[in-house]
Structures are given as C-alpha cells and as structure tokens.
Amino acid sequence: MTAELPTTHAVRRPNLKDYALPALRALFKERGWPAYRGDQVAAWLYKNDVDCLDAMTNLPGDLRAAIDADFDLSSLTVVTTQHSTDGTIKFLLGAFDGTQVEAVLIPEERRVTLCVSTQVGCPLTCSFCATGALGFTRNLTTAEIVDQVLQARRLLEPDQLLSNLVFMGMGEPLLNLPAVSEAIRLFSDPKAFGMAPRRITVSTAGVLPQISPLLEVAPIHLAVSLHATTNEVRDVLVPLNKRFPIEKLLETLRAEPRINRRRPVFFEYTLMAGVNDSVEDARRLPGLLEGIASKVNVIPMNPHPDAPYQPPSRDVVDRFTAVLHNAGVRVTLRRDRGRDIDAACGQLANRAPTPTSGIPALTRTNA
Ligand code: SAH
C-alpha cells in the first residue's frame, strides 16, 4: 500500500480552468495583459457558462486571439448520461487522452448535489469499493474537476440550482490535493462559481498529512471514511489504515482546530453484513469519536460484482443506528440514490449500462 502523491498528467496546453483567480491574474500579467482581464474571463467561464472566446465580447479581438493561442478552454466532454428512476443522473465524461470519469447529479427536494471525481480510478484498493477494483490511471487536472460541474449545470432544469458539491466520486481527493485545492478556490470564489464553502464536502479515506492543508484552503466540510472500529477490520476494508491507523486518524482530527461544532467532521460508515455491523461495533464507536465534533453517516453497503460484501438487513441497520443515537452520536442514514444505474456510493466503475436495467442511456455529444 502506498500513498505517494502521483504526479498530475500534463494536458497539451495550459487550460484556463486550471487556475483560480489569483493565479490567472498573475499569468495574464506575465504576458503583459491587464490582470482584470482574468476576472472578465472567469466571469464568462463560470458565471455565464461561456467557453468560446469569440463570445467574450468585452475582450478586445487581439486579446481573444492571444489567449486562444496560449490556452485550452474545455477539457471534458459528456459521453453518456444515465437517468435513475429516483431522478439521479450519472454521467460519463471523456478526457483528451481517452480516459473517462463519472460524476453523479443528485436532485433532492431542497438541494441539488453533484458528486465529483478527482482521479481516474483510485490507488487505495479499498476492498468494498468498485472504483478501487479499477486500479489507478492518473490524477484529474483542476480543469477536469471544474468541467464536471460546468457540464452538470447544463443538465439542470431551468428552476434547479446546483447547491452542494461533494468530492465523493472516483479517486482519493487528498492524493490530488494541488488540483483539488485550486478547484475549491474556484468553486468558492464569488468572482467564479461563488458557492458557500460550507456546501462543499471533501471525503478522504484518511491521508492524514493532507488534512490540515486541505482545511486551510477554505472553510469546507471534511468527511472521513471510517467504516470500522478496530484496526483489524479497517486494515482489510481500507488498506491505507496500515499506514494511518484508526488511533492516528482520530488523534489528527481531535487536534485539528478547524473542526468544531460549527464545522463538524462527517464520518462515513458503510455497513457490511457480518463485517462491521455488530452491536459491539456500535458500542465502540461513540468512545472512539469522543472529543471530535462529528456526525456519523451510516451507508448500507451498495453491493456490486467486484466485492464479496452485502448490506445488513434493515433490522441490523436500525439496531446499529439506534445504539449510536442512544449514546448521543449525531447519526444519519444515507439514502440510497441511483442504485439502479450503479451511481450509488462506491459503485462508480465506468460500467456500461446493462441491457436489463431498462434505463435508456441518453447519448449527448458536447459541441
Ligand atoms: N476516496 C475518498 C472519496 C470516495 S467517497 C474516500 O474514501 O472517502 C465515496 C464513499 O463511499 C466513501 O466513504 C467510500 O468508502 C464509500 N463506499 C465505497 N464503496 C461503497 C459501497 N460499495 N457501498 C457503500 N459505500 C461505499
């Protein structure tokens, strides 16, 4: 098991969407273009959803040509979209090198959440996760993370607004921290996407040295994939645990000043029948979380062909959450969204729609 930082794959030319505003202004200045032109370009890209330089009518023609000569503008195109019966939309996006990633749009009554990917595949090989079984290809660039959001916004109904963003798609965000951080700066900058940072959640399997640097970027929420109450079990489910075991993980979170009651950490606990769903587990958990402002998100295992685990029965799930609740733990049961199109947690593996699923895959090319 290794958690070395993989290097970002070079895209042919720098992409305008690889840079948050401070970096974009600096790049423009270096080339002798006024820095405020960077702000104008960002407004076109992120507020007006325009990614054709010719349409950026408040820029002089020669500047548009100069930008065009130096930068790429788009990085991902939509290959297919799949619509779940519950309104969830999973879409497959293709990059310049033929690699593909998935993003999932989850409309709910009071919010619309997009789940974004940060890597093509994942190096962490968690034994219950379909993405882990794919292996690791490369990190996504900032532009590729940002394009997932831009493309998803185009699929929304006119009355829908993308309100929440979760970094819970393919990959381990903290093994791609530079690109993820720059994307978060763009998402939270009022001059770019202008999202409230508290509506952005980044999930990690526990790459401990990168937690503080992540939380310094913006006041976002942190989610941590815990999934077990003993190292023995967590070593098997999340092999990264051998490098960063439970006690070190919890010590790091306990010492983190940016985690507090206003900004609690969300622990994800995927329940697998006979593996981590016992009453003993439920009784151990509150003690482990002592002193950490937190909520626990219980997710019944979403089964898939690459893992031998199954969700527990409804009774076992209810018993588990009841023990936590009675011990004063703030616990929520995550509703299962998009399971019929393999879009639920841990099911992202670039699987083609199955002919039996009965859900039409709408092909949409992105001109
Ligand atoms: N690598 C990061 C981001 C992935 S987030 C992380 O580990 O946190 C996806 C979440 O879904 C994680 O909590 C992951 O552990 C969980 N998950 C993976 N496979 C799952 C499955 N089959 N059923 C339910 N949850 C799963």
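Quick notes on the rules
- Residues numbered from 1 in each chain as written.
- Predicted model: local features only at pLDDT ≥ 70, side-chain atom pairs only at ≥ 80, totals over all residues.
- Heavy atoms only, no water.
- Helix = DSSP H or I, 4+ residues; strand = E, 2+ residues; numbered from the N terminus.
- Rg over C-alpha atoms; globule rule 2.2 N^0.38 Å.
- Buried < 20%, exposed > 50% of the residue type's maximum accessible area, 1.4 Å probe, protein only.
- Contact = heavy atoms within 4.5 Å.
- Areas by Shrake-Rupley, 256 points an atom, 1.4 Å probe, with all protein chains shown as cover.
- Lys, Arg positive; Asp, Glu negative; His and termini not counted.
- Charge placed at Lys NZ, Arg CZ, Asp CG, Glu CD.
- Salt bridge = Lys/Arg side-chain N within 4 Å of Asp/Glu carboxyl O.
- Phe/Tyr/Trp six-rings, centres within 6.5 Å; stacked < 30°, edge-to-face > 60°.
- Arc of directions from axis to C-beta.
- 1 Å grid on protein atoms, 1.4 Å probe; cavity = no way out; pocket = protein on both sides within 12 Å on 5 of 7 lines; lining within 4 Å.
- Points joined across faces, edges and corners; volume = space filled by probe spheres on them.
- Nonpolar A, V, L, I, M, F, W, Y, C, P; charged D, E, K, R; others polar.
- Expected span 1.5 Å × (residues − 1).
- Axes fitted to C-alpha atoms, helices over the stretch in contact; angles between N-to-C directions.
- Parallel < 35°, antiparallel > 145°, perpendicular 65-115°, else oblique.
- Left-handed = near helix turned anticlockwise from the far one by under 90°.
- Pairing = 2+ DSSP bridges.

K.L.:
Sorry if this is basic, but what is going on with the overall build of the protein chain here?
P.N.:
In terms of regular secondary structure, the protein chain is built from 11 helices and 13 strands. Computed over the C-alpha atoms, the radius of gyration of the protein chain is 21 Å, within 12% of the 21 Å expected from 2.2 N^0.38 for a compact globule of 367 residues. Overall size of the protein chain, expressed as C-alpha extent along the three principal axes, is 70 × 50 × 40 Å. Looking at the protein chain as a whole, 55% of its 367 residues are labelled buried. The long-range share in the protein chain, meaning contacts at least 24 apart out of those at least 6 apart in sequence, stands at 69%. Working note: accessible area of the protein chain is about 15,700 Å², and carbon and sulfur atoms make up 52% of it. Each charge class in the protein chain was averaged separately, 40 positive and 40 negative side chains, and the resulting centres sit 5 Å apart.

K.L.:
Where do I start with the pattern of salt bridges in this structure?
P.N.:
Side chains that carry opposite charge are capable of pairing whenever their charged atoms lie near each other. In this structure the tally under the stated criterion is 18 salt bridges. Residue D72 pairs with R13 through a salt bridge whose shortest N-O separation is 2.8 Å. Residue D72 is found in the loop between helix 3 (61–70) and strand 1 (77–83), and its partner R13 is found in the segment before helix 1 (21–30); the two are separated by 59 residues along the sequence. Residues E144 and R138 are paired through a salt bridge, measuring 2.9 Å at the closest nitrogen-oxygen approach.

K.L.:
For this particular structure, what's the right way to read the environment of T270?
P.N.:
Along the chain, T270 falls in strand 10 (residues 265–271). Along the chain, T270 and I145 lie 125 residues apart, while their C-alpha atoms are 25 Å from each other. T270 has contacts with F128, H227, N276, I299 and M301, leaving out every residue within four places of it along the chain.

K.L.:
Explain the packing of aromatic side chains here, please?
P.N.:
Given two aromatic rings, their pairing is described by the distance between the two centres and the angle made by the two planes. In total, this model carries six aromatic pairs according to the counting rule given. Considering the side-chain rings of Y269 and F320, the 5.0 Å spacing of their centres and the 35° angle between planes classify their relative orientation as tilted. Placement of the pair is Y269 in strand 10 and F320 in helix 11 (residues 314–326), with a sequence separation of 51 residues. Overall, the relative accessible area of 0% leaves Y269 in the buried class. Grouping aromatic residues by their ring pairs yields a cluster made of Y46, F167, F187 and F193.

K.L.:
How should helix 1 be read in this particular structure?
P.N.:
In an α-helix, one turn spans 3.6 residues; hence positions three or four apart end up facing the same way. Taken residue by residue, helix 1 has L21, L24, L27 and F28 as its buried positions. Relative to the axis of helix 1, the buried residues are bounded by an arc of 125° and lie together on one face. Counted as exposed and oriented over 90 degrees from the buried face of helix 1: P22, K29 and E30. Buried residues belonging to helix 1 abut helix 2 (36–47), helix 3 and helix 6 (177–188).

K.L.:
Which parts of the structure should I look at to understand the layout of surface pockets?
P.N.:
Empty space among the atoms becomes visible once a probe the size of a water molecule is rolled across them. Roughly 210 Å³ of volume is contained in the second largest pocket. Together, 13 residues line the second largest pocket, and R153, L161, L162, F193 and M195 are the ones closest to its centre. Elements with a contribution of two residues or more to the lining of the second largest pocket: helix 2 and helix 5 (142–153). Split by residue class, the lining of the second largest pocket holds eight nonpolar, two polar and three charged.

K.L.:
Would you take a moment to explain helix 2 for this structure?
P.N.:
Its 12 residues give helix 2 an end-to-end C-alpha distance of 16 Å, which sits within 8% of 16 Å, the value for a rise of 1.5 Å per residue. Judged by how many residues are buried, helix 2 sits mostly within the fold: nine of 12 residues are covered. For helix 2, every residue scored as buried is listed here: R37, G38, D39, Q40, V41, A42, W44, L45 and Y46.

K.L.:
What is the right way to read the packing of helix 5 against helix 6 from this model?
P.N.:
What describes two packed helices is the angle between their axes and the distance between those same axes. Two numbers describe how helix 5 lies on helix 6: the axes approach to 8 Å, and their chain directions differ by 45°. As judged from the angle between their axes, helix 5 and helix 6 are oblique. Read as a crossing pair, helix 5 and helix 6 show a hand that is right-handed. On helix 6, the residues that touch T142, I145, V146 and V149 of helix 5 are P178, A179, V180, E182, A183, L186 and F187. Residue composition of the contact of helix 5 with helix 6, by class: nine nonpolar, one polar and one charged.

K.L.:
What should I look at first to understand the pairing of strand 2 (residues 89–94) in this one?
P.N.:
On a regular strand, one side chain projects to one face of the sheet and the next to the other, so that they alternate. Counting buried positions along strand 2 gives six out of six residues, so the element sits mostly inside the fold. Burial of strand 2 is two-sided: the residues I89, F91 and L93 facing one way and the residues K90, L92 and G94 facing the other way are all buried. Relative to strand 2, strand 1 runs antiparallel, the two sharing six bridges. Residue pairing for strand 2: V78 is matched across the bridge by L93. Looking at chain direction, strand 2 and strand 3 (residues 100–107) are connected through six bridges and run antiparallel. From the neighbouring strand, I89 faces strand 3, where its bridge partner is L105. What sits between strand 2 and strand 3 in their antiparallel hairpin is a turn of five residues, with G98 showing a positive phi close to 90°.

K.L.:
Looking at this structure, how should I read the packing of helix 10 (residues 279–289) against helix 11?
P.N.:
Where helix 10 contacts helix 11, the axes come no closer than 9 Å and their chain directions differ by 25°. By the angle class used here, helix 10 and helix 11 are roughly parallel. For helix 10 against helix 11, the interelement crossing comes out right-handed. Residues V279, D281, A282, R283, L285 and P286 of helix 10 form the contact with helix 11, whose own contacting residues are R319, F320, V323 and L324.

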